[in-house]
Amino acid sequence: MAGIKALISLSFGGAIGLMFLMLGCALPVYDKYWPLFLLFFYILSPIPYCISRRVADDTDSASNACKELAIFLTTGIVISAFGLPIVFARAEVIAWGACALVLTGNVVIFATILGFFLVFGSNDDFSWQQW
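Note that the structure is a prediction, hence the values are computed from the model and not measured. (Residues numbered from 1 in each chain as written. Predicted model: local features only at pLDDT ≥ 70, side-chain atom pairs only at ≥ 80, totals over all residues. Heavy atoms only, no water.)

Focus: helix α5 (residues 96–120)
Its 25 residues place the ends of α5 36 Å apart at the C-alpha level, agreeing with the 36 Å of an ideal helix rising 1.5 Å per residue. Residues of α5 that are buried include every one of A98, C99, L101, V102, G105, N106, I109, F110, T112, G115, F117 and F120, and no others. (Helix = DSSP H or I, 4+ residues; strand = E, 2+ residues; numbered from the N terminus. Expected span 1.5 Å × (residues − 1). Buried < 20%, exposed > 50% of the residue type's maximum accessible area, 1.4 Å probe, protein only.)

Some thoughts on helix α4 (residues 65–90)
Each α-helix winds once per 3.6 residues, and so residues spaced three or four apart point in a common direction. Here α4 spans 37 Å end to end across 26 residues, near enough to the 38 Å set by a 1.5 Å rise per residue. Among all positions in α4, only A70, T74, I77, A81, P85, F88 and A89 are buried. In the core, the buried residues of α4 are packed alongside α2 (38–44), α3 (47–55) and α5. (Contact = heavy atoms within 4.5 Å.)

Describing the packing of aromatic side chains
Within this structure, the stated rule accounts for seven aromatic pairs. With a centroid separation of 5.5 Å and an interplanar angle of 75 degrees, the aromatic rings of Y42 and F110 are classed as edge-to-face. Of this pair, Y42 sits in helix α2 while F110 sits in helix α5; the two residues are 68 residues apart in sequence, bridging distant segments of the chain. Accessibility classification places Y42 together with F110 in one group, the buried group. Ring pairs connect the aromatic residues W34, F37, F40 and F88, which therefore count as one cluster. (Phe/Tyr/Trp six-rings, centres within 6.5 Å; stacked < 30°, edge-to-face > 60°.)

Things to note about the nonpolar core
Grouped together as the largest cluster of nonpolar side chains are seven residues: L21, L38, Y42, A81, V102, I109 and F110. Secondary-structure elements contributing two or more residues to this core are α2 and α5. Sort the elements by how many residues they give to this core and α5 lands first, with three residues. Among all residues touching A81, those that are not within four sequence positions of it are L38, F41, N106 and F110. (Core = buried A, V, L, I, M, F, W, Y, C linked by side-chain atoms within 4.5 Å.)

A few points about the UniProt feature "transmembrane region" (unreviewed entry) in the protein
On the UniProt side, "transmembrane region" (unreviewed entry) is annotated at positions that read residues 7–30, 36–56, 68–88 and 94–120 here. Secondary structure across residues 7–30 divides into 83% helix and 0% strand, with the first and last C-alpha atoms of the span separated by 33 Å. Helix makes up 93% of residues 94–120 and strand 0%. Its end C-alpha atoms lie 36 Å apart. (UniProt positions renumbered as here; feature names shortened; annotations may be inferred.)

Some points on unusual backbone geometry
Peptide bonds are mostly trans, and most non-glycine residues show a negative phi. Notably, D31 is not glycine yet its phi reads approximately 50 degrees, a positive angle. Among the secondary structure elements, D31 is positioned in the loop between α1 (2–26) and α2. On the accessibility criterion, D31 (48% relative accessible area) is partly exposed. In this model, E92 sits at a positive phi of 60 degrees, which is unusual for a non-glycine residue. If you trace the backbone, E92 turns up in the loop between α4 and α5.

Looking at the packing of α4 against α5
Running from N to C, α4 and α5 cross one another at 175 degrees; their axes reach a closest spacing of 9 Å. Taken together, the axes of α4 and α5 are roughly antiparallel relative to one another. Touching V78, A81, F82, P85, I86, A89 and R90 of α4 are W96, C99, V102, L103, N106, V107 and F110, all from α5. (Axes fitted to C-alpha atoms, helices over the stretch in contact; angles between N-to-C directions. Parallel < 35°, antiparallel > 145°, perpendicular 65-115°, else oblique.)

Put into structure tokens, the structure is as follows:
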């Protein structure tokens, strides 16, 4: 039952994050849809880590080059997702208020993605790898 509660709370967090992203785009004051390009970053961010978990062998060594590369690529994707709205706001493509809403949505969505891997990332009987 604890897995169902975690799944519901993670889906609620994702919905709140997407709501902030949509508010930054669709409010009549802002009315620019350029921040929707962040959806690509939301989709791409967990992919390197998921690939490295499938490819890397399960040795208990302190450092694994495949996992280190995946964490590096994921960090680059997340930093780019935070940098793009700031670049848009500096170039006056979007307003600073929209940038603040989008950055708030980024924090919530990436916290949700991190929470997903913390809750379902262990190798027990209730794991995301079974899906």
